Amino acid sequence: MRSVSTFRTTLSRGAPGAVAGLLAGFTALAVAELVASLVRPQAGPVTVVGGAAIDRTPAALKDYAIRTFGENDKIVLQLGILATLALLAVVLGIVSLRHRRSGAAGVMVFGAVGAAAALTRPDSGGAADVLPSLVGALTGAAVLYLLAGRCSSPASASGTDRADASWSRRGFLVAASATAVAATGAGALGRMLTGRSGKGAAASRAAVLLPAPASPAPPLPAGAQLKVAGISSFTTPNKDFYRVDTALVVPTVDAATWRLRIHGKGVPRPRTYTFQDLVERPLIERDITLTCVSNEVGGPYIGHARWLGVRLADLLRECGVKPPSDGGAADQLVARSVDGMTLGSPVEDVMDGRDAMLAVGMNGEPLPFDHGFPVRMLVPGLYGYVSACKWIEDIELTTFDAYDPYWVKRKWARKAPIKTQARIDTPKPFARPAGPVVTVAGVAWAQHRGIDRVEVRIDDGPWQDADLAPQAGLDTWRQWSFPWKTTPGGHNLTVRATDGTGQVQTEERARTIPDGASGWHSVFVTAG
Ligand SMILES: Nc1nc2c(c(=O)[nH]1)N[C@H]1C(S)=C(S)[C@@H](COP(=O)(O)O)O[C@H]1N2
Ligand SMILES: [Mo]
């Protein structure tokens, strides 16, 4: 009993400290948010610390996070940072009951960590980026120092009567509430100002009028979309298109002020293009299926869209660039985004006649912000991390020997053509389909090589040809279906594809890192 009551006393003594700590932390973040809205929204402490954490996350952990949390991985990361901060704020609050200065100094240490992270971000806006973290931490430290002074410590309560102690408690509550209200106000004001700064970009996107393509995409062949319940939509609506990037705050770029610079090794006529320059050129429209290297066998990180843009090879030739096969000095094209991401593609692939492009339109509308507005790069046949730079602002011609882009520095392959894959969309794993014939169906892809054949195997039976939907193009996925004559009980359904060069998809299992997953997709289902 005694230990329980001691625990309770400790708790009730510590509680005001914990509250003070949490309030100080909240104030620090709210003020930082307000300052960031004035300096640069991307310089907020949670964003910069989160970004630094993403950059330093080992490949295995990143893979785990994508597998486990999917596209919610960034929210989970931010919640994790906030939870950690809350815990440390409670500790600092309790410490400051006895050592007010140490508590306040502790808050400043966090400010310093945030400021350091802000300075080392690749998209750092310079010295001003430290302001959100530093001003936030200073305010938080002051709040903690003052609130801790208002907590009735045993020392200050001794020798005073009960009325005094309760006044002190009331004083603490008043100060704490006032802090909470002021901090909430600062945070809300910051949010509002940040929202306003994004409005210019939103207005510039709303004002974009996409011209008709000089070279339209041929219409999708009739039947490219199979009428099978549960199969993927051939064209992925923009709102359902998978999103993979490292941006904690989606960049909102104003098309009116956007510029793209093309320069580097073997570029005799470097040039800078505006958005207007691009859309005034003859545009191509193409059907291209985009795939992420982090897609597991059977995974969801693939999508198909009809893109509108400028042929990238034309721009490069205008600047005097030659492919290596024609004596060009650069073999790697490094694309850089406004948020400092770098992606490297082989110059040879970009200039070999395929429809590599700088896209401005996606499925009939300007690029959504999530997918790279105002301009992104696409190279059919290459995984996104070596080609599909969103929010692009710089293209530098260099060599693979001279420079490793972001993911290559993190042990992913320098070159990564998309591996041949087939996926069973229906039936779903562990489904219990009924009926004598069940339609097994899905998609297969080998961008820039095309799909020539898809086969299905039931348990350990023979491979049987699936029915192929018409091929929309070499750079798109292809749908397939197979009428499966069922026998009651559990069965393993496996699929494999053959690409346009006659290569049968390998059975060999590979992990996503370093250059994409391989192996056959199979699902276990129970027929009724
Ligand atoms: N600026 C920027 N561009 C980027 C990335 C990124 O993190 N930042 N991720 C790449 C990766 S890994 C992929 S798979 C594609 C995904 O494009 P999407 O989000 O439009 O589907 O974008 C690529 N372009
Ligand atoms: Mo990716």
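One can find the structure itself at the top, above this paragraph.
K.L.:
Can you walk me through the packing of aromatic side chains in this structure?
P.N.:
Given two aromatic rings, their pairing is described by the distance between the two centres and the angle made by the two planes. Under the counting rule described, the total for this entry stands at 11 aromatic pairs. Between tyrosine 406 and tryptophan 407 the ring centres are 4.8 Å apart and the planes differ by 80°, which places this aromatic pair in the edge-to-face class. Neither tyrosine 406 nor tryptophan 407 differs from the other in exposure class; each is buried. Three or more aromatic residues link up through ring pairs in this structure, and these residues are Phe241, Tyr242, Tyr301 and Trp307. One cation-aromatic arrangement involves arginine 100 over tyrosine 145; the distance from NZ or CZ to the ring centre is 4.0 Å. Between arginine 410 and the ring centre of tyrosine 406, over which it is positioned, the NZ or CZ distance is 3.7 Å.

K.L.:
Help me out: how do you make sense of empty space enclosed by the protein in this one?
P.N.:
Left-over empty space is what a probe sized like a water molecule reveals as it rolls over the atoms. With the rule as written, the count across this model stands at three cavities of 30 Å³ or more. In this model, the largest cavity occupies a volume close to 60 Å³. Taken together, Thr291, Cys292, Val293, Asn295, Glu296, Val297, Tyr383, Gln421, Trp445, Gly516 and Ala517 form the lining of the largest cavity.

K.L.:
So what exactly am I meant to see when it comes to the packing of helix 5 (residues 100-120) against helix 6 (residues 131-150) here?
P.N.:
Helix packing for two helices is described by the angle between their axes and how far apart those axes are. Look at helix 5 against helix 6: their axes get within 8 Å of each other, and the N-to-C directions meet at 165°. By the angle between their axes, helix 5 is roughly antiparallel relative to helix 6. Crossing angle aside, the handedness with which helix 5 passes helix 6 is right-handed. Counting all contacts with helix 5, which are made through Arg100, Arg101, Gly103, Ala104, Val107, Met108, Gly111, Ala112, Gly114 and Ala115, the residues of helix 6 involved are Ser133, Leu134, Ala137, Leu138, Gly140, Ala141, Leu144, Tyr145, Leu146, Ala148 and Gly149. Taken together, the residues of the contact of helix 5 with helix 6 break down into 13 nonpolar, six polar and two charged.

K.L.:
Please clarify how helix 4 (residues 73-98) should be interpreted in this entry.
P.N.:
Think of an α-helix as 3.6 residues a turn; residues three or four steps apart then line up on the same face. Across its 26 residues, helix 4 extends 39 Å between first and last C-alpha, which sits within 8% of the 38 Å expected from 1.5 Å per residue. Those residues of helix 4 that fall on the buried side of the exposure criterion are Asp73, Lys74, Ile81, Ala89, Leu92, Gly93 and Ser96.

K.L.:
When you look at the site of ligand 1 in this model, what are you seeing that I'm missing?
P.N.:
Taken together, 20 residues lie near ligand 1, and Tyr242, Asp245, His371, Arg376 and Lys390 sit nearest. Take histidine 371: an N or O atom from its side chain is 2.6 Å from an oxygen atom of ligand 1. For ligand 1, whose accessible area on its own is 530 Å², the fraction buried by protein is 99%. A molecule is said to occupy a pocket when more than half its atoms come within 2 Å of that pocket's grid points, and by this definition ligand 1 occupies the second largest pocket. For the shell around ligand 1, the per-class residue count stands at 11 nonpolar, four polar and five charged.

K.L.:
Sorry if this is basic, but what is going on with the nonpolar core here?
P.N.:
It is characteristic of soluble globular proteins that their nonpolar side chains tend to be buried jointly. In this structure, Trp307, Leu333, Leu358, Ile392 and Leu397 are the most contacted members of the largest nonpolar core, which totals 78 residues. If near-sequence neighbours (up to four positions away) are discounted, leucine 333 is found in contact with Leu312, Leu316, Leu343, Gly344, Ser345, Val347, Val350, Met377, Ile395, Glu396 and Leu397. Core analysis: the second largest hydrophobic core is formed by 20 residues, Ala466, Trp484, Ala497 and Ala527 among them.

K.L.:
Quick question: what am I supposed to make of the layout of surface pockets here?
P.N.:
Considered as a void within the structure, the largest pocket measures approximately 1,100 Å³ in volume. Lining the largest pocket are 46 residues; nearest its centre among them are Leu29, Pro45, Val46, Leu82 and Leu85. Counting residues per element, the lining of the largest pocket draws most heavily on helix 1 (residues 2-39), at 12 residues. Asp73, Lys74, Val244, Asp245 and Thr246 are the residues nearest the centre of the second largest pocket, which is lined by 44 residues in total. Among the elements of the structure, helix 3 (59-69) and helix 4 are those that each provide at least two residues to the lining of the second largest pocket. A per-class count over the lining of the second largest pocket returns 27 nonpolar, eight polar and nine charged.

K.L.:
Is there a simple way to think about the sheet that holds strand 17 (residues 489-499) in this case?
P.N.:
Pairing between the strands of a sheet comes from backbone hydrogen bonds, and it takes one of two forms, parallel or antiparallel. Reading across from one edge, 14-13-17-18 is the order of the four strands in this open sheet, with antiparallel pairing throughout. The two strands at the open ends of the sheet, each matched to only one other strand, are strand 14 (463-465) and strand 18 (521-527). For this sheet, the mean inter-axis angle between neighbouring strands, taken without regard to orientation, is 30°.

K.L.:
Would you explain the side chain of lysine 390 in this entry?
P.N.:
In this fold, lysine 390 is placed in the loop between strand 9 (376-378) and strand 10 (392-398). A polar contact is formed between the side chain of lysine 390 and the backbone oxygen of aspartate 370, at a distance of 3.0 Å. Filtering out sequence-adjacent residues up to four positions away, lysine 390 remains in contact with Arg243, Val244, Asp245, Ser337, Asp370, His371, Gly372, Val375 and Arg376.

K.L.:
Help me out: how do you make sense of the pairing of strand 5 (residues 332-337) in this one?
P.N.:
Sheet faces and side chains relate simply in a regular strand, where the side chains alternate between the two faces. Across the six residues that make up strand 5, a large majority, five, are buried. Between strand 5 and the antiparallel strand that follows it, strand 6 (residues 342-346), lie four residues; glycine 340 among them carries a positive phi value of about 85°. Bridging between strand 5 and strand 10 involves six bridges; their strand directions are antiparallel. Looking at the pairing, serine 337 lines up with isoleucine 392 of strand 10.

K.L.:
Explain a nonpolar patch on the surface to me, please; I cannot follow it from the model alone.
P.N.:
Among the surface-exposed residues, Leu38, Val39, Leu131 and Val135 lie close enough to one another that they form a single nonpolar patch of about 310 Å² accessible area. Broken down by secondary-structure element, the contributors of at least two residues to the nonpolar patch are helix 1 and helix 6. Mapped onto the elements, leucine 131 comes out in helix 6. Owing to a relative accessible area of 37%, leucine 131 belongs among the partly exposed residues under this scheme.

K.L.:
Help me understand the pairing of strand 11 (residues 421-426) in this model?
P.N.:
Burial analysis of strand 11 places six of its six residues in the buried class, the great majority of the element. As judged from the five bridges shared by strand 11 and strand 12 (residues 437-445), these two strands associate in the antiparallel manner. The residue of strand 12 that forms the bridge with alanine 422 is alanine 444.

The rules behind these values
- Residues numbered from 1 in each chain as written.
- Chains lettered and ligands numbered in written order.
- Predicted model: local features only at pLDDT ≥ 70, side-chain atom pairs only at ≥ 80, totals over all residues.
- Heavy atoms only, no water.
- Phe/Tyr/Trp six-rings, centres within 6.5 Å; stacked < 30°, edge-to-face > 60°.
- Buried < 20%, exposed > 50% of the residue type's maximum accessible area, 1.4 Å probe, protein only.
- Lys NZ or Arg CZ within 6 Å of the ring centre and 35° of its normal.
- 1 Å grid on protein atoms, 1.4 Å probe; cavity = no way out; pocket = protein on both sides within 12 Å on 5 of 7 lines; lining within 4 Å.
- Points joined across faces, edges and corners; volume = space filled by probe spheres on them.
- Axes fitted to C-alpha atoms, helices over the stretch in contact; angles between N-to-C directions.
- Helix = DSSP H or I, 4+ residues; strand = E, 2+ residues; numbered from the N terminus.
- Parallel < 35°, antiparallel > 145°, perpendicular 65-115°, else oblique.
- Left-handed = near helix turned anticlockwise from the far one by under 90°.
- Contact = heavy atoms within 4.5 Å.
- Nonpolar A, V, L, I, M, F, W, Y, C, P; charged D, E, K, R; others polar.
- Expected span 1.5 Å × (residues − 1).
- Near = heavy atom within 4 Å.
- Polar contact = N/O pair within 3.5 Å; in protein donor to acceptor, adjacent residues only side chain to side chain.
- Areas by Shrake-Rupley, 256 points an atom, 1.4 Å probe, with all protein chains shown as cover.
- Sits in = over half its atoms within 2 Å of the grid points.
- Core = buried A, V, L, I, M, F, W, Y, C linked by side-chain atoms within 4.5 Å.
- Pairing = 2+ DSSP bridges.
- Patch = residues over 30% accessible without salt bridge, like charges linked within 9 Å, V, L, I, M, F, W, Y side chains within 5 Å.
- Salt bridge = Lys/Arg side-chain N within 4 Å of Asp/Glu carboxyl O.

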